Amino acid sequence: MSCDVQNAVAAKSSLVFNALDPRCEARAEALESQKGWSDSTSSHRSGRALQSLTDDYFARLDALCPEGFTFGFHFRFSRPAFTRTTYREDWMRAYSKWNFIVADPSVVWAIAHSGFTRWSNIDLRDPLGVFSTAAEHGYRYGLTIGHGSQDSRTFGTCARGDREFSDAEAAEISDLVRELHNLITPNWHLKPHQKAALELVARDMTYDAICGALNISRTALKNRLNGAKRVLGASTTAEAVRIALERGILETRSFTGISRHLPIAP
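Note that the structure is a prediction, hence the values are computed from the model and not measured.

### Some remarks on the sheet that holds strand S1 (residues 69–75)
Sheet architecture is open: five strands sit in the order S2-S1-S5-S4-S3, paired in antiparallel fashion. If you trace the sheet from one side to the other, it starts and ends with strand S2 (82–85) and strand S3 (115–118), each paired once. Each adjacent strand pair in this sheet contributes to an overall mean axis angle of 10°, direction not counted. Both S1 and strand S5 (residues 153–160) contribute to a ladder of five bridges, which runs antiparallel. Within the sheet, the bridge partner assigned to Gly72 lies in S5 and is Phe155. Helix H4 (residues 105–112) rests against S3, strand S4 (141–147) and S5 of the sheet, and its axis sits at about 140° to S5.

### Let's talk about the packing of helix H9 (residues 218–232) against helix H10 (residues 237–246)
The geometry of H9 relative to H10 is characterised by a closest axis approach of 9 Å and an angle of 55° between their N-to-C directions. The angle between the axes of H9 and H10 places the two elements in the oblique class. The element H9 and its partner H10 pack so that their crossing is left-handed. Facing H9, whose interface residues are Leu225, Lys229 and Leu232, H10 presents Thr237, Ala240, Ile243 and Ala244. Its residues assigned to classes, the contact of H9 with H10 comprises five nonpolar, one polar and one charged.

### Points about unusual backbone geometry
Excluding glycine, a negative phi dihedral is what most residues carry, and trans is how most peptide bonds are arranged. Positive phi is not limited to glycine here, since Asn99 has a value of about 50°. Mapped onto the elements, Asn99 comes out in the loop between helix H3 (89–97) and H4.

### Side note on a nonpolar patch on the surface
The grouping of Ile101, Val102 and Leu128 at the surface amounts to a nonpolar patch, some 290 Å² of accessible area in total. Relative to the helices and strands, Leu128 is located in the loop between S3 and helix H5 (130–136). For Leu128, a relative accessible area of 38% gives the class partly exposed.

### What about the pairing of S1?
On a regular strand, one side chain projects to one face of the sheet and the next to the other, so that they alternate. With respect to burial, S1 is a largely interior element, six of its seven residues being buried. Here four bridges tie S1 to S2, and the two strands are oriented antiparallel to one another. For Gly72, the partnering residue across the bridge sits in S2 and is Thr83.

### Regarding the side chain of Thr117
With respect to the element layout, Thr117 can be found in strand S3. Setting aside residues up to four positions removed in sequence, Thr117 forms contacts with Trp109, Ile122, Gly142, Leu143 and Thr144.

### Details of the side chain of Glu169
Structurally, Glu169 can be placed in helix H6 (residues 167–183). At 2.9 Å, the side chain of Glu169 and the side chain of Arg163 are in polar contact. If sequence neighbours within four positions are ignored, Glu169 has contacts with Leu64, Arg160, Arg163 and Glu164.

### So, H3
Residues of H3 that are buried include every one of Trp91, Met92, Ala94 and Tyr95, and no others. The arc enclosing the buried residues of H3, seen along the axis, measures out at 160°, which places them on a common side. Within H3, the exposed residues directed more than 90 degrees away from the buried face are Arg93 and Lys97. Positive backbone phi, at 50°, marks Asn99, one or two positions downstream of H3.

### Comments concerning the environment of Ala81
With respect to the helices, strands and loops of the structure, Ala81 is situated in the loop between S1 and S2. Between the C-alpha atoms of Ala81 and Ile249, which are 168 residues apart in sequence, the distance is 7.6 Å.

### Section: the pattern of salt bridges
This structure, assessed with the given rule, holds eleven salt bridges. When the shortest N-O distance is used, the salt bridge between Asp167 and Arg118 registers 2.6 Å. One end of the pair, Asp167, is in helix H6; the other, Arg118, is in strand S3, and 49 residues separate them in sequence. Residue class for Arg118 comes out buried when judged on its relative accessible area of 16%.

Conventions used here
- Residues numbered from 1 in each chain as written.
- Predicted model: local features only at pLDDT ≥ 70, side-chain atom pairs only at ≥ 80, totals over all residues.
- Heavy atoms only, no water.
- Pairing = 2+ DSSP bridges.
- Helix = DSSP H or I, 4+ residues; strand = E, 2+ residues; numbered from the N terminus.
- Axes fitted to C-alpha atoms, helices over the stretch in contact; angles between N-to-C directions.
- Contact = heavy atoms within 4.5 Å.
- Parallel < 35°, antiparallel > 145°, perpendicular 65-115°, else oblique.
- Left-handed = near helix turned anticlockwise from the far one by under 90°.
- Nonpolar A, V, L, I, M, F, W, Y, C, P; charged D, E, K, R; others polar.
- Patch = residues over 30% accessible without salt bridge, like charges linked within 9 Å, V, L, I, M, F, W, Y side chains within 5 Å.
- Areas by Shrake-Rupley, 256 points an atom, 1.4 Å probe, with all protein chains shown as cover.
- Salt bridge = Lys/Arg side-chain N within 4 Å of Asp/Glu carboxyl O.
- Buried < 20%, exposed > 50% of the residue type's maximum accessible area, 1.4 Å probe, protein only.
- Polar contact = N/O pair within 3.5 Å; in protein donor to acceptor, adjacent residues only side chain to side chain.
- Arc of directions from axis to C-beta.

Laid out in structure tokens, this is it:
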């Protein structure tokens, strides 16, 4: 049976293609992509709009927290669905090296309370010296923020070295984190073959190496990556990788993921 006949049959009756022929596979994925395009156009636009709004909120956080912040959104089973960190690399390395998260007073407060508080107001034991070490790295004043239910908790911190955050700044930062908690949802449905392709891109493999590992053609790989970009609302493959890593969709044992201290997906 020719590829054209196979494609026609599959398009009409959703029968499985002959996966042994990469030309048929490429046409199959192209047809699937074309077929789903009109159905996914509105959701793609919606995804792009959501990503734009999310980026706008993070830009406002950047302006309010110029010296850095870290927030994890929708923690479930001790892992966030999405994380964003802008603290300096030296502080993040020290925080990870000394496993501060296991006894960080700011984390304890954020898990048990909603809203915000200044680090100077947290009256909890600090056995590992998290706050003093933060001060040594230039982060003398900070805020801790927590929002959401315990089964999908969002929390994190922002800090600076020159002064306390004002009441107005603290309230606005807390409001932005709460809005981001409501905007960001942990369910992005990449198909297994799209996720596999994007995972290998995140591991810095070449397209030829990815095609060899997955036993697919370059055309089929392109279709898979295009599909992943549509689902994630990304314009480029690099942007899709960034979004998927931040949302915990992909494993982060690649150099890219580890260097950004991103969460390891289940």
